[in-house]
Amino acid sequence: MFGAGGGTSSYQEIEDTDLIILWGSNARETHPIFFHHVLKGVHQGARLYAIDPRRTSTSQWADGWLGVDVGSDIALANGIAREIIAAGLENRAFIDHATENFEEYARMVEPYTLEMTARCTGVPAPAIRELAHAYARADRAQICWTLGITEHHNAADNVFALINLALLCGHVGRYGSGVNPLRGQNNVQGGGDMGAIPNKLPGFKNVEDDAERARFESVWSCTIPPQNGWHLSQMFEAMERGDLRTLYVIGENPADSEADAPHARKLLEGLDHLVVQDIFLTNTARMADVVFPAAADWCEYEGTVTNSERRVQRVRKALEPPGEARPDLEIIWELARRLGNDWGEPGAERAWDELRSLSAMHTGMSYERLDAMGGIQWPCPDENHPGSPFLHGRLWEEPRGGPPAPFTPVEFVAPLDELNAEFPIRLTTGRRLDSYNTGVQTGGYSSPMRKKESLFLCPEDAERLGFAEGERVQVSSRRGSIEAPVAIESSLRPGLAFMTVHSAGEVDTNVLTSDAWDKKSGTADFKATAIRVERIAAERGARHEVAAAGTSH
Amino acid sequence: MSRAARFKLGVIKRTVELTIDGVAVEVPEGATILDACNKLGIVTPTLCYLSTLTPVNACRVCVVEVEKARVLAPACSRKVEPGMVVHTDSERVRHSRRMVFELLSSSVDMSLVSGEVKGWIDSYGSDAARYGPPAPPAKVGERDARHAGHHHAVDGSVAETVAQPVKIDNDLYVRDYSRCILCYKCVEACGEDAQNTFAIAVAGRGFDARIATEFDAPLTDSACVYCGNCIGVCPTGALMPKSEYDLRQQGRWDEARQTVTQTVCSFCGVGCNLDLTVQDNAIVRVDSPLEHSVTHGHLCIKGRFGFQHVQNLPD
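Here the structure is a predicted model, which means the values were calculated and not measured.

## Some thoughts on the overall build of chain A
In step 1: For chain A, the helix and strand inventory stands at 22 helices and 21 strands.
In step 2: Over its C-alpha trace chain A gives a radius of gyration of 24 Å, about what one expects of a compact globule, namely 24 Å for 553 residues.
In step 3: Across its three principal axes, chain A shows a C-alpha extent of roughly 70 × 65 × 45 Å.
In step 4: Burial status across chain A gives 50% buried among its 553 residues.
In step 5: By sequence separation, contacts in chain A at least 24 residues apart represent 70% of the contacts at least 6 residues apart.

This is how it looks when you write it as structure tokens:
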């Protein structure tokens, strides 16, 4: 945000703040140790608000839970902003000093009265008002979010809507106040920082900036294509058009993890050539022409990863990789050599030092300093720099450092997979404490808490539809249909169903999920699927009963 | 708590001067006697104290003599006061510390405590054998069923102990309460100091006190979320990953063949530091460094136990 793609605050600031909003984040289960910091804040008196369609275990710790309808987050954020402005609680001094485009923003949110926002979001007006006033009046406040904000067809707009709130109240650029995406994997942040996004070079330099490209080309001794590349969703579109015929997949399992999985699998099968580099023979790897067995870099090789507070930390080799598995870096190095580019002896520290020479925000982070300091938060421009616990302090400087931070007005657009009489239930997806994404890593250990992959319904819906716990049902969306057992979960509300994606082998959830994706970020919409749930056709159901009876004594 | 007290930033602290073992020392107000001892390099034995947990004053092994005070004071939690005169090695202090070590050693299996604690037990002249041979261990569930006030009379011929069978009710960690000194660290880590799950508490009174889940339910029926943060703080090996327990049972746990490597967990973007204990190219135990600002030594179930995917290899 404002030119740097990272959370603005440190975990310590979560303990020292006055108000924490967890928006679309079940941090208690998906970021448990971050939630320790949240709880320290709560015990020290910070108020906690959870905004989530489900009444999650995170929500149970909150002073207020706003049970927002799936996909109506922008309406809620705009409604909060409208209430803050209407009550005269916006931080006028900060807005004048550090932002631009406020007038347009204020005009755009004006129609989002408490009443209209309540209608759009399903959140009662008094709860919206309470949060608006609490956030605006807090001395320090944090907004943290996870996939509940970003796995939508309008992911980037959702994020803009939250950043607008921070600008409106001056809750950014100061110790204790900030806006923070909680990253889902140990190097989501680092991957972006390193330029593993199609429009950026390392250090958030634009691919389409000729001067920057020239700088990288001189060190890399090669020509960098001058246009932005494709992100994942665009790649699948290119496969569909036939423009992308060869795919090299590293540490990703798109055959299981993509929304609308059957469609994704069909496209992967249609490729001329598929190369997969992974620590497992995933379902994607099974489809590949060539598989490079990779080492698990977090414990079988050296390198760095960057966490949600921008802290670059070292991973180190504790185990020998099995069989012929090799570290990702060595596989890429070897591939380059066979393609006629000898990069010399492979080495993680060598690659890192080259990065430091090109990315100013990493220049001060030698391996030696990373070891000694327990990681360093970027930016860290030189070897005497202690790292940066929080970002954008420049917005408060007199005179202001750098350009003003812009408000980005965004309108609410309802989920594209509409509810109607045929598909009346909203399905959303998420994760459990003991499992991780498609389960290839967490499936291997014996968790006493593991839940069977199921269709989770609230008690009211289960009763209304006449389903008993454990009964297998037919779940259908506009894209596909699967069978799943019903499980009853009281954290859900009428009209809202929940599934996890931890075991495609048990229940192939992503057969159902929406094929919509965000045009600005490329993120797929896993969170808002319209479904219907039906009894399995009588004949087959009877067969199930016979089978069950046959094994029950 | 008042608003003003919450802001740690920019709070200017006065210093307090006191005397410990005849040496003057200056520490910030609010510091403990233990902090002051540490500043002077005076080694103070502790069992229930941990820098990341709220002191509970349970073990009394860190007691010191404060002049003009009637009773000995626990150094780990007693705040310094101006002009305080403290003795850490008086006969009264040494006697008290020896008694604590002796009573614990006679009733609890201390064989897996750290070398540092073993050194203290020896250096204070603890003689557990003088209480006689240990009484036979309790049967399964017997100690858990004891009610406050229902003590049986003892004849003094044997030393009472907390010995009982190991509790193994899940695949991730075991609870061997024969090794439990009731330091409360696990209760604190499970509670408000870290995990906030509150799956365990101290049940019973006096010698029958023990760590228990609600109604002594098996862990699988309790609130436990298997973060293992209780294991991370346990000083006696009473709480132990199953992977370590099994190797010890098989006589294959061999610290001489182990390495400890610090790395970062791969299961989310928080960036928790892991200390991987590896023996024969297999991870046998996972901890987190106490002093790291991300974890303060604490992990979740995935970080502490979710490593099997790198070693579930086909034969």
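## Observations regarding unusual backbone geometry
In step 1: With omega at 0°, the peptide bond leading from W378 of chain A into P379 of chain A counts as cis.
In step 2: Its place among the elements puts P379 of chain A in the loop between β14 (376-377) and β15 (405-406).
In step 3: P399 of chain A follows E398 of chain A through a cis peptide bond whose omega is -5°.
In step 4: Residue position: P399 of chain A is located in the loop between β14 and β15.
In step 5: Its identity as a non-glycine residue notwithstanding, N101 of chain A has a phi of 75°, on the positive side.
In step 6: With respect to the element layout, N101 of chain A can be found in the loop between β4 (99-100) and α6 (102-109).
In step 7: In this structure N101 of chain A comes out as partly exposed when scored by C-beta crowding, with 16 C-beta atoms within 10 Å.
In step 8: Residues other than glycine seldom take positive phi values, yet K68 of chain B does so here, at roughly 75°.
In step 9: Looking at the secondary structure, you find K68 of chain B in the loop between β3 (63-66) and β4 (73-74).
In step 10: For K68 of chain B, a count of 6 C-beta atoms within 10 Å gives the class exposed.

## A word on the sheet that holds strand β10 (residues 258-264) of chain B
Across a sheet, strands are paired by hydrogen bonds formed along the backbone, either parallel or antiparallel in direction.
Residues and elements named next belong to chain B.
In step 1: Ordered in space as β10-β11-β12, the 3 strands form an open sheet in which the pairing is antiparallel. Either end of the sheet is taken by a strand with one partner, and the two such strands are β10 and β12 (282-287). Here the average twist between neighbouring strands, direction ignored, is 30°.
In step 2: The pairing of strand β11 (residues 273-279) with β12 spans 5 bridges and is classified as antiparallel. Counterpart to L276 in the pairing with β12 is V286.

## Some points on the nonpolar core
In step 1: Judged by nonpolar contacts, the single largest core of 205 residues is most densely connected at I80, Y135, L162, L165, L455 and A497 of chain A together with C186 of chain B.
In step 2: If you tally residues by element for this core, the top one is helix α10 (residues 155-169) of chain A, at 10 residues.
In step 3: When sequence neighbours within four positions are dropped, the list of residues in contact with L162 of chain A reads W23, A77, I143, W145, I149 and V179 of chain A.
In step 4: Of all hydrophobic cores here, the second largest spans 6 residues; its members include V312, M365, I376 and C380 of chain A.

## Focus: the confidence of the model for chain B
All names here are of chain B.
In step 1: The pLDDT averaged across chain B works out to 93; a share of 95% of its residues lies at or above 70.
In step 2: Scored below 50 in pLDDT, residues 1-7 shows 5 contacts in the model against residues more than four places distant or in partner chains.
In step 3: Listed scores for the predicted complex are pTM 0.93 and ipTM 0.93.

About the thresholds
Residues numbered from 1 in each chain as written. Chains lettered and ligands numbered in written order. Predicted model: local features only at pLDDT ≥ 70, side-chain atom pairs only at ≥ 80, totals over all residues. Helix = DSSP H or I, 4+ residues; strand = E, 2+ residues; numbered from the N terminus. Rg over C-alpha atoms; globule rule 2.2 N^0.38 Å. Buried ≥ 20, exposed ≤ 12 C-beta atoms within 10 Å, placed from the backbone. Contact = placed C-beta atoms within 7 Å. Pairing = 2+ DSSP bridges. Axes fitted to C-alpha atoms, helices over the stretch in contact; angles between N-to-C directions. Core = buried A, V, L, I, M, F, W, Y, C linked by C-beta atoms within 7 Å. pLDDT = per-residue confidence, 0-100.

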